[in-house]
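# Structural characterization, general
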Amino acid sequence: MALLEIEDLSVTFPTSSGPFRAVEGVDLAVDQGEFLGVVGESGSGKSVTMLALMGLLPPQATIEAKRLVFEGRDLRKISSHDRRRIVGREIAMIFQEPMSSLNPCFTVGFQIREALGKQGLDRAARRRRAVELLDEVGIPAPEERLSAFPHQLSGGMSQRVMIAMMLAGGPRLLVADEPTTALDVTIQAQILDLLRRLQRDKGMALILITHDMAVVAETAERVLVMYAGQPVEEQAARGLFARPRHPYAEALLEALPERGFGKRRLPTIPGVVPGALDRPKSCVFHPRCRYAQDDCRTVRPPFAPLHGDPNVRVRCFHPRNEDARVAEEAR
Amino acid sequence: MTAVYRSQDAAVAAPLVEARDLKQHYTLKGGLFGEDRTLKAVDGVSFTLGRGETLAVVGESGCGKSTLARMLTLIEAPTSGDLLFEGRPAQDAMRDDPKATRGFVQMIFQNPYGSLNPRQNVASILAEPLVINTRMSGDERRRRVREMLAKVGLRPEHDVRYPHMFSGGQRQRIAVARALMLEPRVVIADEPVSALDISVQAQVINLLLDLQDEFGLAYVFISHDLSVVRHLARRLMVMYLGRVVEEGEGGVVFEDPAHPYTRALMAATPAVDPSARKERATVRGELPSPLNPPPGCPFHRRCRYARPDCKDRVPELRTVRGRKVACHYAENLEGEGAGTLRVAATA
Ligand SMILES: Nc1ncnc2c1ncn2[C@@H]1O[C@H](COP(=O)(O)OP(=O)(O)OP(=O)(O)O)[C@@H](O)[C@H]1O
Ligand SMILES: Nc1ncnc2c1ncn2[C@@H]1O[C@H](COP(=O)(O)OP(=O)(O)OP(=O)(O)O)[C@@H](O)[C@H]1O
Ligand code: SF4
Ligand SMILES: [Mg+2]
Ligand SMILES: [Mg+2]
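The structure displayed is predicted, hence computed values, not measured ones.

About the criteria used
Residues numbered from 1 in each chain as written. Chains lettered and ligands numbered in written order. Predicted model: local features only at pLDDT ≥ 70, side-chain atom pairs only at ≥ 80, totals over all residues. Heavy atoms only, no water. Helix = DSSP H or I, 4+ residues; strand = E, 2+ residues; numbered from the N terminus. Rg over C-alpha atoms; globule rule 2.2 N^0.38 Å. Buried < 20%, exposed > 50% of the residue type's maximum accessible area, 1.4 Å probe, protein only. Contact = heavy atoms within 4.5 Å. Areas by Shrake-Rupley, 256 points an atom, 1.4 Å probe, with all protein chains shown as cover. Lys, Arg positive; Asp, Glu negative; His and termini not counted. Charge placed at Lys NZ, Arg CZ, Asp CG, Glu CD. Buried area = accessible area lost by both parts, 1.4 Å probe. Salt bridge = Lys/Arg side-chain N within 4 Å of Asp/Glu carboxyl O. Polar contact = N/O pair within 3.5 Å; in protein donor to acceptor, adjacent residues only side chain to side chain.

### Here's the deal with the overall build of chain B
Summing up its helical and strand segments, chain B has 10 helices and 12 strands in all. The globule rule puts the C-alpha radius of gyration for 347 residues at 20 Å, and the 21 Å found for chain B is close to it. Referenced to the eigenvectors of the C-alpha coordinate spread, the extents of chain B come out at roughly 70 × 55 × 50 Å. Residues counted as buried form 54% of the 347 residues belonging to chain B. Within chain B, residue pairs in contact and separated by at least 24 positions form 67% of the contacts whose partners lie at least 6 positions apart. When the accessible area of chain B is evaluated, it comes to approximately 15,100 Å², of which 49% is carbon and sulfur surface. One way to put it: in chain B the 47 positive side-chain charges average out to a point 2 Å from where the 42 negative ones average out.

This is the structure:
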């Protein structure tokens with residue numbers, strides 16, 4: 001049984017020019033101990049999807065879903081009291097801006113002890129646990145750091161403290177929203193290693209949100225690609241990078257300088273991402289798609305298993321790299 | 001395209017830009033009892049740049065990239081060292097003909113959102129350098145603005161629009177257009193694509209390459225992204241705590257990085273190929289404070305190859321295997337290939 005199941009999630013915001021569906025048709029499942037990457041360009045709905053799951057969107061947002069189930073519990077139906085017990089403990093989230101997530105007025109130690117809550121621990125035990133957590137996320141001299149204030153920490157150290165706080169509740173699922181985007185590449189490598197190690201050692205599931213294809217390629221087992229508020233492709237990381245099926249995923253990979261090695265000009269995707277109010281009703285990608293045909297311009301393709309394979313889902317009438325599949329089956 | 005700037009006595013062979021031991025030392029006022037402290041943001045950078053060349057400057061935050069850019073664009077005078085434009089001291093050129101000198105070198109900033117004035121329309125953003133630095137008529141300026149918009153792939157009739165009416169990539173195109181209005185010979189680009197999405201990044205990279213081909217522009221391209229740098233630049237300069245640690249042909253440095261820090265950067269750069277995943281040797285520790293840099297080799301506390309004397313002796317740049325490198329032991333780092341940048345085979 002999946003740890004988390006989301007089916008047909010949508011989020012609508014009221015705007016001065018009418019309701020805006022920031023996210024729609026999101027299907028997503030995460031197993032225990034699994035590492036899922038969610039990639040997409042800015043505004044594609046990655047953060048809104050996860051904030052909806054956590055119940056952290058502003059009250060004017062309308063959230064709809066066919067299923068929103070965590071460990072067999074329907075998150076749509078439970079009381080807000082139960083919800084608070086799940087969210088923040090069993091499901092923890094690291095936010096996009098580490099600096100703004102730590103309270104500047106309190107010491108690191110205080111904030112971690114708060115995150116530990118009661119848990120039947122006395123003061124000394126909570127302090128010991130805080131030191132253990134800081135040590136676990138690779139903070140040198142953890143005892144001395146307890147009395148540090150957030151502004152005394154580097155970006156990488158702040159992110160480690162955030163991760164320690166999130167571990168305090170012993171989560172089954174950790175959602176990390178762009179945890180390394182603000183960091184230097186050597187520090188990013190350290191934090192990604194830390195997240196991978198925690199996921200492996202603790203059997204914790206991890207959803208890593210990023211706009212950086214290389215970061216998911218380096219870390220995730222499975223990848224969900226989002227475009228203009230919708231998931232367009234989901235499959236194992238190896239499969240996606242070797243044989244992307246959705247034309248958008250294919251074009252995105254081609255546009256990477258790493259893949260354009262030897263070429264001077266990089267392949268680009270014509271046009272721009274549709275704005276909030278001009279998203280096509282049919283395939284959202286069709287105005288920019290090389291392979292669009294009449295069906296793409298009239299009907300929205302479903303996010304469906306490809307050729308009946310539940311491990312590869314694509315929202316496209318004309319998926320790419322079919323030849324490779326034929327060749328593979330012939331073997 | 002005719003260059004606005006022509007130096008009178010430039011030797012024919014003089015490079016467009018030559019930097020000799022440029023330093024920028026900031027003095028920070030001490031506290032109540034504290035003494036003034038010196039922050040060596042850039043501590044001795046030298047290079048030459050010829051027509052149509054691209055020099056990439058890479059390194060992590062605070063290593064002095066933007067400070068170097070401000071010196072090269074004459075926004076800040078260096079504490080010491082010489083900056084020559086076509087063989088002539090930049091300060092002299094600036095004193096004799098400030099308008100032409102400003103036209104010689106232009107800058108593109110990182111943030112396409114913050115670097116454009118939201119209250120100015122595109123026509124006036126682009127015309128402004130012409131108003132300040134030339135005696136062009138209004139009609140002539142309007143013609144130039146429309147030509148430039150077409151060059152950077154924007155619709156000339158959109159010159160009446162304001163920055164917020166454009167996407168991030170389009171705004172960066174406007175910033176590129178503005179930098180080119182005075183027909184510079186040299187463009188200093190400080191992280192010009194870092195804030196952009198992948199698909200938009202590819203468009204702006206192509207634009208920079210096309211304009212270089214068309215006008216023979218020379219770029220100093222500042223970035224922390226090694227894959228972008230590898231694509232764009234023939235020459236590479238790696239900085240750490242204000243100092244150059246390695247400099248040479250991109251091909252040489254990427255294939256066989258000789259400085260432990262260059263290796264660490266390459267090992268830390270994720271590859272876009274899940275089947276090539278491997279345990280990486282992550283560099284330990286964090287960047288030291290530039291106010292209190294380690295003695296000896298500034299990298300020694302994080303270096304996996306450090307030997308006892310690295311903390312005592314400052315390594316100077318010297319030539320090893322066809323590039324310059326500032327490491328005492330560049331000839332014999334063990335653990336070969338640990339840091340080679342992994343470039344995915346095209347699928
Ligand atoms: N409170 C809100 N009210 C109205 N629109 C919103 C709100 N929050 C987000 N949006 C819109 O929803 C869309 C999706 O935003 P989201 O933050 O999920 O993008 P993202 O994929 O996380 O992008 P990024 O990579 O930039 O973080 C965007 O168009 C955004 O402007
Ligand atoms: N005007 C100034 N006064 C004092 N210190 C400064 C000043 N400008 C920069 N610095 C310091 O000089 C060092 C180099 O800064 P710089 O902005 O050049 O780094 P950078 O390589 O561009 O970093 P980033 O990648 O974060 O943009 C930093 O330690 C910075 O704090
Ligand atoms: S459905 Fe059609 S338009 Fe959309 S991505 Fe697939 S081929 Fe392109
Ligand atoms: Mg986001
Ligand atoms: Mg900078």
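Once the structure has been displayed, the description carries forward.
### Quick notes on helix 11 (residues 247-254) of chain A
Of all eight residues in helix 11 of chain A, seven are buried, a share of seventy percent or more. What helix 11 of chain A keeps buried is the set P247, Y248, A249, E250, A251, L252 and L253 of chain A. Looking at the buried positions of helix 11 of chain A, the neighbouring elements they touch are helix 9 (213-219), strand 10 (222-227), strand 11 (230-236) and helix 10 (237-242) of chain A together with helix 7 (198-215) of chain B.

### Here's the deal with the interface of chain A and chain B
How big an interface is tends to be expressed through the accessible area that disappears when the partners come together. Every contact between the two is made by 46 residues of chain A and, on the other side, 46 residues of chain B. Taken together, both faces of the contact between chain A and chain B bury some 3,900 Å²; the carbon and sulfur share is 53%. Looking only at chain A, the three residues that lose the most surface to chain B are E218, E258 and R264 of chain A, adding up to 18% of its buried area. Run the count over chain A and chain B and you get two salt bridges. Residues R264 of chain A and D213 of chain B are paired through a salt bridge, measuring 2.7 Å at the closest nitrogen-oxygen approach. One can count 20 residue pairs in polar contact (both at pLDDT 80 or more) joining chain A with chain B.

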